[in-house]
Amino acid sequence: MSALLEIRDLMVAFDGFKAINGVNLSVGEGELRFLIGPNGAGKTTLIDVITGLTKPTSGTVTFAGTSLAGRKEHKVVRLGIGRTFQTSVVFEELSVVENLDLAANFRRPLVALLRQRRGVTETVGRALETIGLQDLADSPAGILSHGQRQWLEIGMLIVQGPRLLLLDEPVAGMSKDERERTGELLTEIAKDHTVIVIEHDMEFLRRYASTVTVLHEGTVLVEGDVAAVQADPRVQEVYLGRKKEDAA
Ligand SMILES: Nc1ncnc2c1ncn2[C@@H]1O[C@H](COP(=O)(O)OP(=O)(O)OP(=O)(O)O)[C@@H](O)[C@H]1O
Ligand SMILES: [Mg+2]
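Residues numbered from 1 in each chain as written. Chains lettered and ligands numbered in written order. Predicted model: local features only at pLDDT ≥ 70, side-chain atom pairs only at ≥ 80, totals over all residues.

In the nomenclature of an unreviewed UniProt entry, the protein is known as Urea ABC transporter ATP-binding protein UrtD of Actinocorallia longicatena.

Laid out in structure tokens, this is it:
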């Protein structure tokens, strides 16, 4: 498996504070990689750097052999990298299918979109099926549950045909059923995409993750399969230990 995403000696400083402090990360084509770590570990910042939202202080990010250094967000999207945010970005007044349609045509000028009203394209139809929202296709996105909204956002990425998907805490705030459905959805999507998922929930990881990378204070603490990572005393200290404190 050749590395699709290669990050070397990455450093990101905000006013001297090192949010990312020497990260090395390789993700192979077709992998479903989980990224975990306590609050403030640098997970979102890492995704911000890959997607061109934040400029690295030093280090390199290479995607499919191309350097992402200094590329703006829209250029990164065009190279085949899609992301979700910790907060939702769907258009509430538009229907589910219209949101997908808009995302699918993100390269076309808005006037062309407004002029042309077509039926559901094959790409959009397939995405609707993958995310399981066929019955809600014509409902406004505003009425979706939190979980359904996350699935719509994932669908809005898939229709853009990316090679790499970066999902920032997709199951946060979901019900147990929704989490399960999302786990299945990620497994399905990973069949033909490379996926990096940020997640905190250990039970979710045990069920759906294979390789896990643990970030802590801006560096990779441990990397390996779920069982090995969970058994690692360093992980228990910074991650599980922290959780116990949170619960207290
Ligand atoms: N634009 C910014 N300016 C200053 N500091 C920032 C900025 N973005 C992030 N940070 C800081 O960098 C550190 C890493 O933040 P980041 O959001 O990447 O963490 P995270 O691992 O995603 O955490 P969480 O689990 O809470 O989402 C934090 O201490 C955060 O306060
Ligand atoms: Mg974050």
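Engineer: Explanation requested: the sheet that holds strand 10 (residues 219-225) in the structure shown.
Structural biologist: Hydrogen bonding along the main chain pairs the strands of a sheet, whether they run parallel or antiparallel. Taken in spatial order, the 6 strands line up as 6-7-8-3-9-10 in an open sheet, and their pairing is mixed. What marks the edges here is a single partner per strand, and that holds for strand 6 (81-83) and strand 10. On average, each strand axis in the sheet is tilted by 20 degrees relative to the strand beside it, whichever way the strands run. With 4 bridges connecting them, strand 3 (residues 32-36) and strand 9 (residues 211-216) associate as parallel partners. When the bridges of strand 9 are listed, Leu35 appears paired with Thr213. Along the sheet face, helix 1 (residues 43-50) touches strand 3, strand 6, strand 7 (164-168), strand 8 (194-198) and strand 9 and points at about 150 degrees away from the line of strand 7. (Pairing = 2+ DSSP bridges. Helix = DSSP H or I, 4+ residues; strand = E, 2+ residues; numbered from the N terminus. Axes fitted to C-alpha atoms, helices over the stretch in contact; angles between N-to-C directions. Contact = placed C-beta atoms within 7 Å.)

Engineer: What should I look at first to understand helix 3 (residues 96-104) in this one?
Structural biologist: Each full turn of the α-helix corresponds to 3.6 residues, which orients residues three or four apart in the same direction. Those residues of helix 3 lying buried are Val96, Val97, Asn99, Leu100, Asp101 and Ala103. Contact partners of the buried residues in helix 3: helix 5 (122-131) and helix 6 (146-158). (Buried ≥ 20, exposed ≤ 12 C-beta atoms within 10 Å, placed from the backbone.)

Engineer: Just to check I follow, could you spell out the pairing of strand 2 (residues 17-28) for this structure?
Structural biologist: Residues in a regular strand project their side chains so that they alternate between the two faces of the sheet. Alignment of strand 1 (residues 3-14) against strand 2, held across 9 bridges, turns out to be antiparallel. Within strand 2, the position partnered with Ala13 by the bridge is Lys18. The loop that links strand 1 with its antiparallel partner strand 2 comprises 2 residues; one of these, Asp15, has a positive phi angle of about 50 degrees.

Engineer: Where do I start with the nonpolar core in this structure?
Structural biologist: Soluble, globular proteins show a tendency: their nonpolar side chains are buried together. Counting 67 residues, the largest nonpolar core has Leu100 and Leu152 as the members making the most contacts within it. Sorting elements by how many residues they give to this core places helix 6 first, with 6 residues. In contact with Leu100, not counting residues within four places along its chain, are Val124, Ala127, Leu128, Gly155, Met156 and Val159. (Core = buried A, V, L, I, M, F, W, Y, C linked by C-beta atoms within 7 Å.)

Engineer: Would you mind showing me how to read the site of ligand 1 here?
Structural biologist: Taken together, Phe14, Ala19, Gly37, Asn39, Gly40, Ala41, Gly42, Lys43, Thr44 and Thr45 are the residues near ligand 1. No other element matches the 3 residues that helix 1 contributes to the shell around ligand 1. Among the residues making up the shell around ligand 1, the classes are represented as 3 nonpolar, 6 polar and 1 charged. (Near = placed C-beta within 6 Å. Nonpolar A, V, L, I, M, F, W, Y, C, P; charged D, E, K, R; others polar.)

Engineer: Would you take a moment to explain unusual backbone geometry for this structure?
Structural biologist: Leave glycine aside and you will find that most residues have negative phi; peptide bonds, for their part, are mostly trans. Its identity as a non-glycine residue notwithstanding, Glu169 has a phi of 50 degrees, on the positive side. Mapping Glu169 onto the fold places it in the loop between strand 7 and helix 7 (176-189). One non-glycine residue with positive phi stands out, namely Glu217, at about 45 degrees. Considering the arrangement of structural elements, one finds Glu217 in the loop between strand 9 and strand 10. Owing to 15 C-beta atoms within 10 Å, Glu217 belongs among the partly exposed residues under this scheme.

Engineer: Would you explain the sheet that holds strand 5 (residues 66-67) in this entry?
Structural biologist: Taken together, 4 strands build an open sheet; the order of strands is 2-1-4-5 and the sheet is antiparallel. The open sheet terminates on both sides in strands that have one partner only, identified here as strand 2 and strand 5. Where helix 1 meets the sheet, it contacts strand 1, strand 2 and strand 4 (58-63), and its direction lies at approximately 65 degrees from that of strand 2.

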